[in-house]
Amino acid sequence: MRMVDLIEKKRDGLALTDEEIRFVIDGFTNGSIPDYQMSAFAMAVFFKGMTDHETAVLTDAMMRSGDTIDLSRFGDKSVDKHSTGGVGDKTTLILAPIVSCLGGKMAKMSGRGLGHTGGTVDKLESIPGYKTTLTVDEFLHQVEQVGVAVIGQSGNLTPADKKLYALRDVTATIDSLPLITSSIMSKKLAAGAHSIVLDVKIGSGAFMKTLEDGQKLAESMVRIGRACGRNVVAVMSNMDIPLGFYIGNALEVREAVEVLQGHGCPGRLRVLIQNAVEDLLVGIDRRGQQLLAGDIGDGDHRRVDDRHQRLYHHVVGAFRKIPVKPHILDQVILPRLNPSPHSIAVLRQPLGLLLCAVPGSQLRDRRLQHQPHVRQVQRQLDPVLNGIQAQRIGFQR
């Protein structure tokens, strides 16, 4: 079997056999298939697509390219969440501690930024001392002790996706339904969670630009997840405008910390988190839903009742347990996440004028133009460079 023949076959729009798909993934993982051939194959898939069966086999092959994690010890309390990528999306940073303190076991493997979207791993690496690479034993220990672990694709977990994910980012092959589906679901299935919420972003700041494309992606991922015996739910959310008020890894972490401390949560972000929490709590101790019955915080401490105070206490407590250096939250993280004024672009409208929509991808691209090296397969981000503070659409002075 030759890779060039499989590239030609897919280029001509023909379906690949199970054995051919596994040959491609195995060869790319072990290095016998070079990047340039895999790039050509990804482009062929981008233009010609894959059948549902091909996508399912591709997902399975990528999942089996490395180790898998057994979370059966946690039963139906093991949960996971994934976003297909947006701008200003710090949902995981807020959601994970909340789910943890409400009885869930959030065991999550996250990716880096792809295209114009931000990555949770990149955000976490703006925290000095935070480890995004853990062994399987360390990962399970943290889930057991803290209730939440968010890591990158470390060790030997889905190495095929790790390589292909980086390659797609620099070869203009990101927006492909089968490649997105297999990338997301191979990670989710390898991470072992019982219940998974998939947040499919739609709009100018997302990979799926239309509702129809979003529905196709959601249905594809749910179908594969349920076929593998997982409880999978997909929700679709608008990404025509960024989530929250900040864009930029360090600034988004700071905004997440402020929300967890009870200083208020922007409306769209709050609704998204509440819906995700409710979906993840299905099958978990329902006490969490009663505790969360109001809002995550409206910024007016005079109106925050005892129920919310208890929620803040438990959430911040869970956040502080995440293993970083001693006292790093108060002494290092918050000061570190205050970038100097020259690194922040504040987007404001002239006095008395209504702020109109700016496509989310353009806001992200404004950051990326200052870091051209992020378009390389191996790159290191500056966590505080050129964060953006944006007022909400319709805000008027």
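Check the entry above for the structure.
Residues numbered from 1 in each chain as written. Predicted model: local features only at pLDDT ≥ 70, side-chain atom pairs only at ≥ 80, totals over all residues. Heavy atoms only, no water.

## Section: the nonpolar core
To be explicit about the condition: For our purposes a nonpolar core is just a set of buried Ala, Val, Leu, Ile, Met, Phe, Trp, Tyr and Cys residues, chained together by side-chain atoms within 4.5 Å. The classification of residues rests on relative accessible area computed with a 1.4 Å probe and restricted to protein chains. Under 20% of the type maximum is buried, over 50% is exposed, and intermediate values are partly exposed. What counts as a helix is a DSSP run of H or I of at least four residues, what counts as a strand is a run of E of at least two, and both are numbered from the N terminus.
Counting 34 residues, the largest nonpolar core has Ile94, Leu95, Met106 and Ile273 as its most contacted members. Those elements giving two or more residues to this core turn out to be helix H5 (91-101), strand E3 (148-151), helix H11 (249-260) and helix H12 (267-280). If you look at the next biggest cluster of nonpolar residues, it comprises 32 residues, including Ala107, Leu134, Ile174 and Phe207.

## Some words on the environment of Thr59
We apply this condition: Note on contacts: a residue pair qualifies if any of its non-hydrogen atoms lie within 4.5 Å across the two residues.
Secondary-structure assignment places Thr59 in helix H4 (residues 52-63). Expressed as a C-alpha distance, the spacing of Thr59 and Ile25, which sit 34 residues apart in the sequence, is 9.9 Å. Setting aside its immediate chain neighbours within four residues, Thr59 contacts Thr181, Ser182, Met185, Ser186, Leu189 and Ile224.

## Looking at the pattern of salt bridges
Note on pairing: side chains with opposite charge can pair once their charged atoms come close. Note the cut-off: We count a salt bridge whenever a side-chain nitrogen from Lys or Arg sits within 4 Å of a carboxyl oxygen from Asp or Glu.
Tallied over the entire structure, the rule returns 17 salt bridges. Among the salt bridges present, the one from Lys187 reaches Asp161, with a minimum N-O distance of 3.1 Å. Of this pair, Lys187 sits in helix H9 (residues 177-191) while Asp161 sits in helix H8 (residues 159-169), and the two are 26 residues apart along the sequence. What makes Lys187 buried here is its relative accessible area of 1%. Linked through salt bridges whose partners overlap, the residues forming this network are Glu8, Arg11 and Asp12.

## Re the packing of helix H2 (residues 18-30) against H4
How we decide: Angular values range over 0 to 180 degrees, each being the angle between N-to-C directions of two axes fitted as lines to C-alpha atoms, with helices fitted over their stretch in contact. What sets the label is the angle itself: under 35 degrees gives roughly parallel, over 145 gives roughly antiparallel, 65 to 115 gives roughly perpendicular, and the rest give oblique. Here a crossing is taken to be left-handed if its near helix is turned anticlockwise relative to the far helix by less than a right angle, and right-handed if that turn runs clockwise. Throughout this entry, Asp, Glu, Lys and Arg are counted as charged residues, while Ala, Val, Leu, Ile, Met, Phe, Trp, Tyr, Cys and Pro are counted as nonpolar. The remaining residues, Gly among them, count as polar.
Their axes nearest at 9 Å, the elements H2 and H4 cross at an angle of 40 degrees. On the basis of the axis angle, H2 is oblique to H4. Where H2 crosses over H4, the handedness of that crossing is right-handed. Where H2 approaches H4, its residues Asp18, Ile21, Arg22 and Ile25 are matched on the opposing element by His53, Glu54, Val57, Leu58, Asp60, Ala61 and Met62. The residue makeup of the contact of H2 with H4, split by class, is six nonpolar, one polar and four charged.

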